[in-house]
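Examining the three-dimensional arrangement
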Amino acid sequence: MALIVPGIPVARRGVRLRFSNGRWFSRIVIGAAGLAVLVAIVAPLVAPDSVTSSDIANALHGPSAQHWFGTDDQGRDVLWRVVAGSRASLLSALLVVAAYSVIGGVVAAIAALGGRFLDEIFMRFTDAVMAIPTIVFALGFAAALGPGLHSAIIALSITAWPVTARLLRTEIQQTMTRPYVEGARVLGVGRTRLLFRHVLPNSLDALLVKWGADVGSTVLVISGLSFIGVGPQPPSPEWGAMVNEGAGYIGSAWWMAVFPGIAIAFVAVVFALLADVVQERLAAGRS
């Protein structure tokens, strides 16, 4: 039974309670995402050289006070390899999202503002690119350029932009019909200035939510490509490659695969939740 306090409407008190809990949850999610990015940026500066050098005498030691995450089959500290691997996994995902957002943004702007003829050409080209499976494209780049992180980044950037282009094109077309845009056009605002000062800044709400979710999903894809050998090559640390290396020791040295797997799951979940937080904040700002 709900407790009714005289003078305080029940509905208002409930909204306030949910907002308070949501605010703390948002801070935790934003803090966790920021911490993950900070670790990925700082990792190359603080990680010891031992993350890539072998020390067979210390191979396959379990988690302990000296090695919190244990050591792998080459005697390397798994904790430091997980920390160092955040650069290849998380920063690469951020780079991929930034790259395909630029490509998708250019295509969307041309399609939305270039007239019906250009819109048809660019959207049909977008549909053709969307039909290419990402994994097949990445394997093709690996065959042409050699397996490595650069092949995975290029493949994902080239195959992931069509969804962004379609979404942003729709947002731009809807924004162009709003009264303040029509008013700016009547006042003689140029097409380029109208696009960058009025249309694009007010068309990015949906993309902000998509970016948050895409970072986590891109980490999963990069890790998956590394798992099958298309990503960074040993001894460079990368979470998917580390899971692959530890899969053969899952019965005797479970920590080799479990801790990198936890890192992948943590980043994927945190950035998926970040997308929800951004969506809620944008909805609250519009209401």
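Bear in mind that the values here come from a model prediction, so they are computed numbers and not experimental data. Every chain's residues receive numbers from 1 upward, in the order its sequence appears when written. Whole-chain, interface and lining totals are the exception, using all residues; otherwise, since this is a predicted model, local features are given only for residues with pLDDT of at least 70 and side-chain atom pairs are given and counted only at 80 or more. The basis for every side-chain value is the complete set of heavy atoms in the structure, and neither hydrogens nor water enter the calculation.

Moving on, we get to the packing of helix H6 (residues 179–186) against helix H7 (residues 191–199). To obtain each axis, a line is fitted to C-alpha atoms, and for helices this fit is confined to the stretch in contact; angles are then taken between N-to-C directions over 0 to 180 degrees. Think of it this way: any DSSP run of H or I at least four residues long counts as a helix, any run of E at least two long counts as a strand, and we number them from the N terminus. At a minimum axis separation of 11 Å, H6 and H7 run at an interaxial angle of 150°. Overall, the two elements H6 and H7 adopt an arrangement that is roughly antiparallel. When the axes of H6 and H7 are compared, the crossing they make is right-handed. Between H6 and H7, the contacting residues are Tyr180, Val181, Ala184 and Arg185 on the first element and Leu194, His198 and Val199 on the second. In the scheme used here, Gly and all other residues not listed as nonpolar or charged are polar, with Ala, Val, Leu, Ile, Met, Phe, Trp, Tyr, Cys and Pro taken as nonpolar and Asp, Glu, Lys and Arg as charged. For the contact of H6 with H7, the class distribution of residues is 5 nonpolar, 1 polar and 1 charged. Note on angle classes: values under 35 degrees are labelled roughly parallel, values over 145 roughly antiparallel, values of 65 to 115 roughly perpendicular, and the remainder oblique. Two helices cross in a left-handed way if the nearer one is turned anticlockwise from the farther one by less than a right angle. They cross in a right-handed way if the turn is clockwise. Here a residue-residue contact requires only that any non-hydrogen atoms of the pair lie within 4.5 Å.

Two elements in contact, helix H5 (residues 149–176) and helix H8 (residues 205–227), have axes whose closest approach is 11 Å; the angle formed by their N-to-C orientations is 155°. By the angle between their directions, the pair H5 and H8 is classed as roughly antiparallel. Here H5 and H8 pass one another in a crossing that is right-handed. Where H5 abuts H8, its residues Leu149, Ala152, Leu156, Val163, Thr164, Leu167, Leu168 and Glu171 lie against Ala206, Leu207, Lys210, Thr218, Val221, Ile222 and Leu225. Within the contact of H5 with H8, the residues separate by chemical class into 11 nonpolar, 2 polar and 2 charged.

Residue position: Glu238 is located in the loop between H8 and helix H9 (239–247). When accessible area is computed with a 1.4 Å probe and restricted to protein chains, residues below 20% of their type maximum are described as buried, those above 50% as exposed, and intermediate ones as partly exposed. Since its relative accessible area comes to 0%, Glu238 is described here as buried. C-alpha of Glu238 to C-alpha of Ala88: the two residues are 150 residues apart in sequence and 5.8 Å apart in space. Setting aside residues up to four positions removed in sequence, Glu238 forms contacts with Gly85, Ala88, Ser89, Ile222, Ser223, Ser226 and Pro232. At 2.8 Å, the side chain of Glu238 forms a polar contact with the side chain of Ser89. Here a polar contact is taken to be a pair of N or O atoms separated by no more than 3.5 Å, where protein atoms must pair a possible hydrogen donor with a possible acceptor and residues adjacent in sequence count only if both atoms sit in side chains. A distance of 2.7 Å separates a polar side-chain atom of Glu238 from the backbone nitrogen of Gly240.

Moving on, we come to unusual backbone geometry. Here Leu60, not a glycine, exhibits a phi torsion of approximately 60°, which is positive. The partly exposed category is assigned to Leu60, whose relative accessible area is 34%.

The set of residues buried in H7 consists of Leu194, Leu195 and Val199. In an axial view of H7, the angular spread of the buried residues amounts to 100°, which keeps them on one side of the axis. Every exposed residue of H7 that faces more than 90 degrees away from the buried side is listed here: Thr192, Phe196 and Arg197. If you follow the buried residues of H7, they end up packed against helix H2 (78–113), H5 and H6. Our arc is simply the arc of the directions from the helix axis toward the C-beta atoms.

Looking at any residue, its pLDDT shows the predictor's confidence there, from 0 to 100. Averaged over all residues, the pLDDT of the protein chain equals 81, while 91% of them reach at least 70. Averaged pLDDT values for the elements of the protein chain fall to 71 in helix H1 (residues 10–46) and rise to 90 in H9. Confidence drops under a pLDDT of 50 for residues 1–21, and excluding neighbours within four residues, the segment shows 5 contacts in the predicted structure.

A few words now on the pattern of salt bridges. For this analysis, a salt bridge means a side-chain nitrogen from Lys or Arg found within 4 Å of a carboxyl oxygen belonging to Asp or Glu. Tallied over the entire structure, the rule returns 9 salt bridges. For Arg76, the salt bridge is made with Glu245, and the minimal N-O distance between the two is 4.0 Å. On the criterion of sequence distance, the pair formed by Arg76 in the loop between H1 and H2 and Glu245 in helix H9 is long-range, its members being 169 residues apart. Note on Arg76: relative accessible area 6%, which makes it buried. For Glu245, a relative accessible area of 22% gives the class partly exposed. The salt bridge involving Arg169 is made with Asp119; its shortest N-O contact spans 2.6 Å. Within this pair, whereas Arg169 is found in helix H5, its partner Asp119 is found in helix H3 (residues 115–130), the two being separated by 50 residues in sequence. Of the two residues, Arg169 and Asp119, neither departs from the other in class, the shared state being buried.

Our next topic: a nonpolar patch on the surface. A grouping of Leu35, Leu38, Val39, Ile41, Val42, Leu45, Val46 and Trp80 is seen on the molecular surface, where their side chains present a nonpolar patch of about 720 Å² in accessible area. Per-element tally for the nonpolar patch: the top contributor is H1, with 7 residues. Along the chain, the position of Val46 falls in helix H1. Here, patches come from residues exposed beyond 30% relative accessible area and free of salt bridges, joined within 9 Å for like charges and within 5 Å for nonpolar side chains (Val, Leu, Ile, Met, Phe, Trp, Tyr). Residue-level accessible areas treat just the shown protein chains as cover; the underlying method is Shrake-Rupley with a 1.4 Å probe.

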